[in-house]
Amino acid sequence: MVFNRACISLILLTLFLSLHLPAAQTFRIATYNVENDLDHDSGTRHAKSDAAKAKILESILALKPDVLALEEIGETNVLLELQSALQSNGLPLPNWEYVTGFDTNIHVCVLSRFPITARRPQTNDTYLLNGETFKVSRGFAEVDVAVTTNYSFTLIAAHLKSKRTIRAAAEADMRLEEAKILRQKIDDILAANPNTSLIVLGDLNDTHDSPAIRAIIGRGKTGLVDTRPAEHNGDAEPAANHRLNERNITWTDFYAKEDLYSRIDYILLSHAFARDWNPAETAILALPNWGIASDHRPLVATFTVP
C-alpha cells in the first residue's frame with residue numbers, strides 16, 4: 001500500500017511540474033531578395049508595381065518570420081511601408097535595421113519581432129583588384145537579436161556582387177573578394193567567442209561549389225553549416241537515401257539572361273547555432289505566381305530556444 005501511494009505521489013508531482021514548465025519557444029528567421037523594391041525609377045531599375053508589392057507581402061505573411069533579412073529594398077519609406085503592411089496583417093516586426101552601402105539604390109535591411117540589442121553596420125569595406133580599389137557595394141547588416149532575456153544570436157545579412165558584368169573587373173573575382181571580407185568578419189566573431197550563435201544569410205549570388213561560397217562557409221570548427229532549405233512539396237525520401245535528398249527542389253533564383261534556376265540565397269549557421277536548428281521546419285517558400293514579386297524565392301529556418 002505504501003508503494004502504491006509513493007507511485008501516486010510521484011505521478012502527481014510529475015504532472016504538477018509539467019504544468020509549470022515553460023513551453024519550448026520556437027522562432028523563424030527568413031531571408032528574401034525582393035528585386036528592386038523601389039517607389040520610383042532609378043536608372044535601369046524600375047519602381048515596383050502594386051501587384052508585385054502585394055505578392056511580396058503575401059509571401060512574407062506565408063513565411064511568418066520572427067526575424068527577416070531583406071535585400072534590394074529601396075529608400076527607408078519602402079521598408080517602413082512594408083513593415084506597416086505586415087503589422088496590419090498580424091505580423092508585427094517593430095524593430096529594424098537599414099544599411100546604406102556604396103550602392104545608393106538598393107539596400108540590405110532587417111526586420112525583427114525581437115529587440116535588436118546591438119547594431120554594427122559594415123559599410124566601408126574595400127578591396128584591391130587589378131590595381132583598382134573597389135568598395136563592397138551593399139555593405140553588411142550585422143545585428144545582435146535577443147529572443148529572450150538569456151538567449152540571443154548574431155545575424156549578418158549580405159548581398160554580394162551580382163553576376164552582371166562590368167568593365168572594371170570580372171564579376172566572379174569581385175564576388176570572391178567580397179566573400180573573403182565577409183569570411184573575415186565571421187572569423188573575427190568566432191575567434192572572440194567560438195560559442196556564438198551566428199547566422200549568415202542573404203543573396204550571395206553564387207552556387208555552393210563556387211570559390212566565393214566555399215570561402216564563406218569555411219571548414220573545421222569555424223566552418224558554417226549550410227541549412228539547404230528545400231520546397232515542402234510532398235517529397236518524402238527515406239532518410240538514409242542521400243541521393244534522393246540531393247534531388248530536393250532547392251533553387252532560389254531565376255536568372256533570365258541564361259534561363260537558369262539556381263540556389264544562390266543561403267542560410268548558414270555556426271556550429272553553436274546549428275544545435276538549436278530544426279531542419280524539418282526549414283524550407284523554401286513554393287508559392288503560386290511567386291515570380292510576380294521577385295526573381296528570387298524566400299527561404300526560412302526554424303530554431304528552438306534550448
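The structure we're discussing is the one just above.
Keep in mind it's a predicted model, so treat the numbers as computed, not measured. (Residues numbered from 1 in each chain as written. Predicted model: local features only at pLDDT ≥ 70, side-chain atom pairs only at ≥ 80, totals over all residues. Heavy atoms only, no water.)

Enquirer: Go over the layout of surface pockets, please, and point to the residues and values.
Expert: Of the pockets and cavities examined, the largest pocket occupies roughly 520 Å³. Lining of the largest pocket is provided by 26 residues; of these, Glu72, Arg138, Ser162, Lys163 and Arg164 occupy positions nearest its centre. Counting residues per element, the ones that place at least two in the lining of the largest pocket are β1 (26-37), β13 (253-255) and β14 (260-262). Partitioned by chemical class, the residues of the lining of the largest pocket number six nonpolar, ten polar and ten charged. (1 Å grid on protein atoms, 1.4 Å probe; cavity = no way out; pocket = protein on both sides within 12 Å on 5 of 7 lines; lining within 4 Å. Points joined across faces, edges and corners; volume = space filled by probe spheres on them. Helix = DSSP H or I, 4+ residues; strand = E, 2+ residues; numbered from the N terminus. Nonpolar A, V, L, I, M, F, W, Y, C, P; charged D, E, K, R; others polar.)

Enquirer: Run through the side chain of Gln122, naming residues and quoting values.
Expert: Tracing the backbone through its elements, the reader meets Gln122 in the loop between β5 (116-119) and β6 (126-129). A polar contact of 2.9 Å, which involves the side chain of Gln122, links it to the backbone oxygen of Arg120. At a separation of 3.2 Å, a polar atom in the side chain of Gln122 contacts the side chain of Glu142. Not counting residues up to four positions away in its chain, the partners in contact with Gln122 are Gly139, Phe140, Glu142 and Lys185. (Polar contact = N/O pair within 3.5 Å; in protein donor to acceptor, adjacent residues only side chain to side chain. Contact = heavy atoms within 4.5 Å.)

Enquirer: I'd love a proper account of the environment of Leu201, names of residues and values included.
Expert: In this fold, Leu201 is placed in strand β10 (residues 198-203). Leu201 sits 98 residues away from Leu299 along the chain, and the two C-alpha atoms are 9.8 Å apart. The residues contacting Leu201, other than those within four sequence positions of it, are Ile29, Ala30, Thr31, Ala69, Leu155, Ile156, Ala157, Ala158, Tyr266 and Ile267.

Enquirer: For the pattern of salt bridges, give the residues involved together with the corresponding values.
Expert: Counted by the stated rule, this structure contains 17 salt bridges. With a shortest N-O distance of 3.1 Å, Arg119 and Glu97 are connected by a salt bridge. Linking Arg119 in strand β5 with Glu97 in strand β3 (residues 95-99), this pair joins segments that are 22 residues apart in sequence. What makes Arg119 partly exposed here is its relative accessible area of 41%. (Salt bridge = Lys/Arg side-chain N within 4 Å of Asp/Glu carboxyl O. Buried < 20%, exposed > 50% of the residue type's maximum accessible area, 1.4 Å probe, protein only.)

Enquirer: Could you give me a rundown of the sheet that holds strand β9 (residues 151-159), with the residues and numbers involved?
Expert: Ordered in space as β5-β8-β9-β10-β15-β11, the six strands form an open sheet in which the pairing is mixed. Here the strands that pair on one side only, and so sit at the sheet edges, are β5 and β11 (225-226). Where β9 meets β10, six bridges bridge the pair, whose relative direction is parallel. By the bridge assignment, His159 is partnered in β10 with Asp203. (Pairing = 2+ DSSP bridges.)

Enquirer: For the nonpolar core, give the residues involved together with the corresponding values.
Expert: One finds Phe27, Ile29, Phe153, Leu155, Ile199, Phe273 and Phe303 to be the most contacted residues of the largest nonpolar core, which totals 29 residues. What Phe27 contacts, discounting residues up to four positions off in sequence, is Asp66, Phe114, Val147, Tyr151, Phe153, Phe273, Ala301, Thr302, Phe303 and Val305. With 26 residues, the next largest nonpolar core counts Ala158, Leu190, Val200 and Leu224 among its residues. (Core = buried A, V, L, I, M, F, W, Y, C linked by side-chain atoms within 4.5 Å.)

Enquirer: Tell me what's going on with the pairing of strand β16 (residues 277-284), and back it up with residues and numbers.
Expert: Across two bridges, the pairing between strand β12 (residues 230-231) and β16 is parallel. By the bridge assignment for β16, Glu231 is matched with Ile284. Inspection of the sheet shows β16 paired to strand β17 (residues 299-304) by four bridges, in the antiparallel sense. Among the inter-strand pairings, Trp277 is bridged to a residue of β17, identified as Phe303.

Enquirer: Break down the sheet that holds β17 for me, with residues and values.
Expert: Taken in spatial order, the seven strands make up an open sheet running β3-β4-β2-β1-β17-β16-β12, and their pairing is mixed. Two strands in the sheet have a free side with no partner beyond their single neighbour: β3 and β12. Pairing of β1 with β17, which is carried by six bridges, proceeds in the antiparallel orientation. Residue pairing for β17: Arg28 is matched across the bridge by Thr302. Sheet strands touched by helix α2 (residues 50-63): β1, β2 (67-73) and β17. Its angle to β1, the strand with the most contacts, is close to 165°. (Axes fitted to C-alpha atoms, helices over the stretch in contact; angles between N-to-C directions.)

Enquirer: Requested: an account of the packing of aromatic side chains, with residues and values cited.
Expert: One pass over the structure, following the stated rule, counts eleven aromatic pairs. Aromatic side chains Phe27 and Phe114 sit 6.0 Å apart centroid to centroid with 90° between the ring planes, which places their arrangement in the edge-to-face category. Taken together, the positions of Phe27 in strand β1 and Phe114 in the loop between β4 (107-112) and β5 put the pair 87 residues apart, joining distant regions of the chain. The pair Phe27 / Phe114 is uniform in exposure class, with both members buried. Measuring from ring centre to ring centre gives 5.7 Å for Tyr127 and Phe134, while their planes differ by 20°; the resulting arrangement is stacked. We note that Tyr127, like Phe134, is buried. (Phe/Tyr/Trp six-rings, centres within 6.5 Å; stacked < 30°, edge-to-face > 60°.)

Enquirer: Lay out the environment of Leu299 with the relevant residues and their values.
Expert: Examined against the element boundaries, Leu299 turns out to sit in strand β17. Assessed through its relative accessible area of 1%, Leu299 is described here as buried. Leu299 has contacts with Ile29, Ala30, Thr31, Pro229, Thr252, Asp265, Tyr266, Ile267, Ala283 and Ile284, leaving out every residue within four places of it along the chain.

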